[in-house]
Structures are given as structure tokens and as C-alpha cells.
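# Report on the structure
Listed below, chain by chain, are the residues.
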Amino acid sequence: MLARIARYFREVRTELRKVVWPDRRQTIIYTGVVLISVLGVAVVIWVVDAVLSQILAALLF
């Protein structure tokens, strides 16, 4: 059991050495893309919510 766990962590270490990690510039660009995307989706949801709230309020009252 202990040997299997040790082998697992050796294999994880080997695989992590194969990963091509992004440099600082790429990380900043990707982070910006994610933040802008999240902001865009949040604005769309906010607008749809506001419109549907107005429609529902008009139908109910």
C-alpha cells in the first residue's frame, strides 16, 4: 500500500516536470481575459435580470 502511494507521487512529479508553465506575461494576459469575461457575463446577467424584473412587475401590478 505504501509503495503504491510512493509510486503515485513519483509519477505525479514526473508529469509535473513535463508541463509547460506560462511565463509572467502570459499569466497576466490570461488573468485579464478571465476577469473581462467574468465582468461581461455579470453585466449580461444583470441586464437580463433587470429586464425580466420590469416585465414581471408590469404583469403583476
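Description of the structure in this document. (Residues numbered from 1 in each chain as written. Predicted model: local features only at pLDDT ≥ 70, side-chain atom pairs only at ≥ 80, totals over all residues. Heavy atoms only, no water.)

## Looking at the overall build of the protein chain
Heads up, the rule is: In this description a helix means any DSSP run of H or I spanning at least four residues, a strand means any run of E spanning at least two, and both kinds are numbered starting from the N terminus. The atom set for the radius of gyration is the C-alpha atoms, and the globule formula is 2.2 Å times the number of residues raised to the power 0.38. Here's how the labels work: a residue is buried when its accessible area is under 20% of the maximum for its type, exposed when over 50%, partly exposed in between, all with a 1.4 Å probe on protein chains only. Accessible surface is estimated by sampling points in the Shrake-Rupley manner with a 1.4 Å probe; for residues, cover comes only from the protein chains shown. All tallies of charge rest on Lys and Arg as positive and Asp and Glu as negative; His and the ends of each chain are not included. Where a charge lies is defined by one atom per residue type, namely NZ (Lys), CZ (Arg), CG (Asp) and CD (Glu).
Per the secondary structure count, the protein chain includes two helices and zero strands. By the compact-globule yardstick of 10 Å for 61 residues, the protein chain is too spread out, its C-alpha radius of gyration being 24 Å. Overall, the C-alpha framework of the protein chain stretches about 70 × 35 × 10 Å when taken along its three principal axes. Evaluated residue by residue, the protein chain yields a buried proportion of 0% over its 61 residues. Here the protein chain displays about 6100 Å² of accessible surface, and carbon together with sulfur accounts for 72% of that area. Each charge class in the protein chain was averaged separately, 8 positive and 4 negative side chains, and the resulting centres sit 13 Å apart.

## As for the packing of aromatic side chains
Rule in force here: Aromatic rings from Phe, Tyr and Trp, taking only the six-membered ring of Trp, are treated as a pair when their centres fall within 6.5 Å; an angle between ring planes under 30 degrees marks them as stacked, one over 60 as edge-to-face, and anything in between as tilted.
Overall, the coordinates contain one aromatic pair when judged by the stated rule. Geometrically, the ring pair formed by Tyr 8 and Phe 9 is edge-to-face, given 5.3 Å between the ring centres and 75° between the ring planes. Since its relative accessible area comes to 48%, Tyr 8 is described here as partly exposed.

## A short note on the pattern of salt bridges
We count it as follows: Whenever a carboxyl oxygen of Asp or Glu lies within 4 Å of a side-chain nitrogen of Lys or Arg, that contact is scored as a salt bridge.
One pass over the full model with this rule turns up two salt bridges. With its nearest N and O atoms 3.2 Å apart, the salt bridge here joins Glu 11 to Arg 7. Of this pair, Glu 11 and Arg 7 both sit in helix α1 (residues 2-18), separated by four residues, roughly a single helical turn.

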